[in-house]
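Fold and geometry: a report
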Protein chains: 2
Amino acid sequence: MEVYPKNFEALVESFKKLPGIGEKSAERMALAVLDMSLDDVSDMSQALMDAKKSLHPCSVCGNLTDQDVCQVCSNENRDKNLICVVEDYKSAFAFEKVGNFKGVYHVLNGLISPMMNIGAEDINLSSLVNRVDKLSHPEIILALKSSIEGETTTLYIKKIFEKKDVTISRLAYGLPMGAEIEYLDMMTLDKALFDRKIISE
Amino acid sequence: MEVYPKNFEALVESFKKLPGIGEKSAERMALAVLDMSLDDVSDMSQALMDAKKSLHPCSVCGNLTDQDVCQVCSNENRDKNLICVVEDYKSAFAFEKVGNFKGVYHVLNGLISPMMNIGAEDINLSSLVNRVDKLSHPEIILALKSSIEGETTTLYIKKIFEKKDVTISRLAYGLPMGAEIEYLDMMTLDKALFDRKIISE
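Throughout, a residue's number is its position along its own chain's written sequence, starting from 1. For this description, chains carry letters from A and ligands carry numbers from 1, given in the order in which they are written. Owing to the predicted nature of the model, reporting of local features is limited to residues with pLDDT of at least 70; listing and counting of side-chain atom pairs is limited to 80 or more, with chain, interface and lining totals taken over all residues.

**Quick word on unusual backbone geometry**
Despite not being glycine, Asn117 of chain A has its phi angle at roughly 60°, a positive value. Segments assigned H or I by DSSP are reported as helices when at least four residues long, segments assigned E as strands when at least two residues long, and all are numbered from the N terminus. The residue Asn117 of chain A is located in the loop between β4 (103-107) and α5 (126-133) in this model. Any residue surrounded by 20 or more other C-beta atoms within 10 Å of its C-beta is treated as buried, while 12 or fewer makes it exposed and the intermediate range makes it partly exposed; C-beta atoms here are placed from the backbone. For Asn117 of chain A, a count of 7 C-beta atoms within 10 Å puts it in the exposed group. With a phi angle near 55°, Asn109 of chain B is a residue other than glycine that sits in the positive phi range. With respect to the helices and strands, the residue Asn109 of chain B is situated in the loop between β4 (103-107) and α5 (126-133).

**Notes on the interface of chain A and chain B**
Each residue gets a C-beta atom placed from its backbone, and two residues are in contact if those atoms lie within 7 Å. Taken residue by residue, the interface counts 50 residues in chain A and 50 residues in chain B. Counting residues per element, the ones that place at least two in the side of chain A that touches chain B are α1 (6-15), α2 (23-35), α3 (38-54), β2 (64-65) and α4 (89-98) of chain A. Of all the elements, α3 of chain A adds the most residues to the side of chain A that touches chain B, at 14 residues. Residues are grouped as follows: Ala, Val, Leu, Ile, Met, Phe, Trp, Tyr, Cys and Pro are nonpolar; Asp, Glu, Lys and Arg are charged; all remaining types, including Gly, are polar. Residues belonging to the side of chain A that touches chain B are distributed by class as follows: 27 nonpolar, ten polar and 13 charged.

**Some thoughts on the sheet that holds β4 of chain A**
Paired through backbone hydrogen bonds, the strands of a sheet run either parallel or antiparallel to each other. Residues and elements named next belong to chain A. Strand order in the open sheet made by the four strands is β4-β3-β5-β6, with parallel pairing throughout. A single partner strand is all that each edge strand has here, and the edge strands are β4 and β6 (167-170). Taking the axes of each pair of neighbouring strands and ignoring which way they run, one obtains an average angle of 25° across the sheet. Any two strands between which DSSP finds at least two bridges are classified as paired. Examined bridge by bridge, strand β5 (residues 139-142) and β6 share four bridges and lie parallel to one another. To obtain an axis, a line is fitted to C-alpha atoms, over the contacting stretch when the element is a helix, and the angle between two such axes runs from 0 to 180 degrees between their N-to-C directions.

**Quick word on the relation of the copies chain A and chain B**
The atoms used to superpose the copies are C-alpha atoms, taken from residues with pLDDT of at least 70 in both, and the fit is least squares. Superposition record for chain A on chain B: RMSD 0.0 Å, screw rotation 180°, translation along axis 0.0 Å. Accordingly, the operation relating the two chain copies is best matched by a two-fold axis. No C-alpha of chain A approaches the rotation axis more nearly than that of Ser45 of chain A, which lies at 2.1 Å. Both copies share a contact surface, since 100% of the interface residues of chain A are interface residues in chain B too.

**Quick look at the pairing of strand β3 (residues 79-86) of chain A**
Residue and element names in this part refer to chain A. Two strands pair when backbone bridges link them, and β3 and β4 are joined in this way by five bridges, in the parallel orientation. Across the sheet, residue Cys84 finds its bridge partner in β4, namely Tyr105. Both β3 and β5 contribute to a ladder of four bridges, which runs parallel. Opposite Val85, over in β5, you have Leu142 as the bridge partner.

**Focus on the domain arrangement of chain A**
Much of the literature gives interface size as the accessible area that the parts lose upon coming together. Domain annotation of chain A identifies domain 1 (6-54) and domain 2 (64-170). The centre of domain 1 of chain A, based on its C-alpha atoms, is set 34 Å off from the matching centre of domain 2 of chain A. Residue ranges assigned to each domain were obtained from an automatic or database domain assignment.

**Structural notes on the environment of Met44 of chain B**
Within the secondary structure, Met44 of chain B is located in helix α3 (residues 38-54). A tally of 23 C-beta atoms within 10 Å means that Met44 of chain B is categorised as buried. Separated by 23 residues in sequence, Met44 of chain B and Gln67 of chain B place their C-alpha atoms 21 Å apart. With sequence-adjacent residues up to four places away left out, Met44 of chain B is seen in contact with Ser14 and Leu48 of chain A.

**Considerations on the packing of α3 of chain A against α3 of chain B**
Between α3 of chain A and α3 of chain B, the least distance of the axes is 9 Å, while the angle of their chain directions is 170°. Viewed along their axes, α3 of chain A and α3 of chain B adopt a mutual orientation that is roughly antiparallel. On α3 of chain B, the residues that touch Leu38, Val41, Ser42, Met44, Ser45, Leu48, Met49 and Lys52 of chain A of α3 of chain A are Leu38, Val41, Ser42, Met44, Ser45, Leu48, Met49 and Lys52 of chain B. Any angle that falls under 35 degrees is termed roughly parallel, while one over 145 is termed roughly antiparallel, one within 65 to 115 roughly perpendicular, and all others oblique.

**Concerning the nonpolar core**
Within soluble globular proteins, side chains that are nonpolar tend to cluster in buried spots. A set of buried residues qualifies as a nonpolar core if it consists of Ala, Val, Leu, Ile, Met, Phe, Trp, Tyr and Cys joined through C-beta atoms within 7 Å. Grouped together as the largest cluster of nonpolar side chains are 90 residues, with contacts concentrated most on Leu11, Ala30 and Val85 of chain A together with Leu11, Ala30 and Val85 of chain B. Every residue in contact with Ala30 of chain B, bar those within four places of it in the chain, is listed here: Ala51 of chain A together with Phe8, Leu11, Val12 and Phe15 of chain B.

**Some details on the pairing of β4 of chain A**
Counting buried positions along β4 of chain A gives four out of five residues, so the element sits mostly inside the fold. With its strands directed away from the observer, a crossover is right-handed exactly when the path from the first strand over the helix to the second travels clockwise. Traced from β3 of chain A through α4 of chain A to β4 of chain A, the parallel crossover comes out right-handed.

**Structural notes on the sheet that holds strand β6 (residues 167-170) of chain B**
Residue and element names in this part refer to chain B. Taken in spatial order, the four strands of this open sheet run β4-β3-β5-β6, and their pairing is parallel. Looking along the sheet, the strands with just one partner apiece sit at the ends: β4 and β6. When strand polarity is set aside, the average angle formed by the axes of neighbouring strands in this sheet is 25°.

**Notes on the packing of helix α1 (residues 6-15) of chain B against helix α2 (residues 23-35) of chain B**
Residue and element names in this part refer to chain B. As a packed pair, α1 and α2 sit with axes 8 Å apart at the nearest point and diverge in direction by 125°. Between α1 and α2, the crossing angle belongs to the class labelled oblique. Seen along the crossing, α1 lies across α2 with a hand that is right-handed. Where α1 abuts α2, its residues Phe8, Leu11, Val12 and Phe15 lie against Ala26, Glu27, Met29, Ala30 and Val33. Residue classes in the contact of α1 with α2 are distributed as eight nonpolar, no polar and one charged. By convention the crossing between two helices is left-handed if the near helix lies anticlockwise of the far one by an angle smaller than a right angle, and right-handed if it lies clockwise.

Given below as structure tokens:
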């Protein structure tokens, strides 16, 4: 005995392929689709195909784009000598939302992970070397998370550029804004203490 | 400055129209779409249009169907004299998933709510009267939630059929299976005590 009408079942099954969407959420979403206007549903249907077909990594930095070169790399006002290296699209989006970064990105699309058998050649790293070789004294900001994979990748990139005329920095570690000190994990507190900033001397 | 590529933004905006999906979830879902196969995305795109265009209320019971008459109403093995009245499609799906109900449904698509200005004529109720009038001594099971709106609707339907040759029942109230008694709300405990079942006399 089938519980749902066929076309409803198909939509529920499709939604279940999205991350974090189980049976209940998929059902709720499918019912919401029936309540949406035909235009909205048609737009969603079209947006799916347009996104899937047109979006790909930028040929310069690996960030998500529907052009050959992404909107950051093709922006003349961005400082091409300041490259922020991030793990994935989401990190680049996060910095863009803040809106204060005036340099460009390099999206690795992964991190080196010996545990998962992901080596330097499996991530978008060689193109970073090519990019940097064409610049004169650029700064590379390593904006990778502080996991084993993040640290491994940070060390690896540091090593590649060690003998080149490149400034390498990493994001500051410390207290998140507004955090209660008593609830912070020991690692963060330790880092914040070690990296303390002198504000009067 | 736009954060996302245009086609990605459009997909994120579409997903945000779904219930319970905010900016973060929509972004995660849109990124997942890019990682899905073209076939899966194409299926989802098609499923949206198929569902929206083909699904509508059953002409007999108001349940969701892509036919004129739904698969429950058109099933010869279901007891047409036993009508379970539910608020919405979801409730009917829930009973179908359990799979033990052998009667048919009547989906009200709403509940009477004086507060929200929803009267008996705004829900799928007159067709229930028409259905019941053609049957000989049917049973109507009122499977509505125990909110003010649910109780109001239950009382209203009870009143309609009071002088007709119809058996009316409602779902049992009581302890949910497996519930810890100490954590149950007072209303439920009170109902469970009042509706206690004698098991030996």
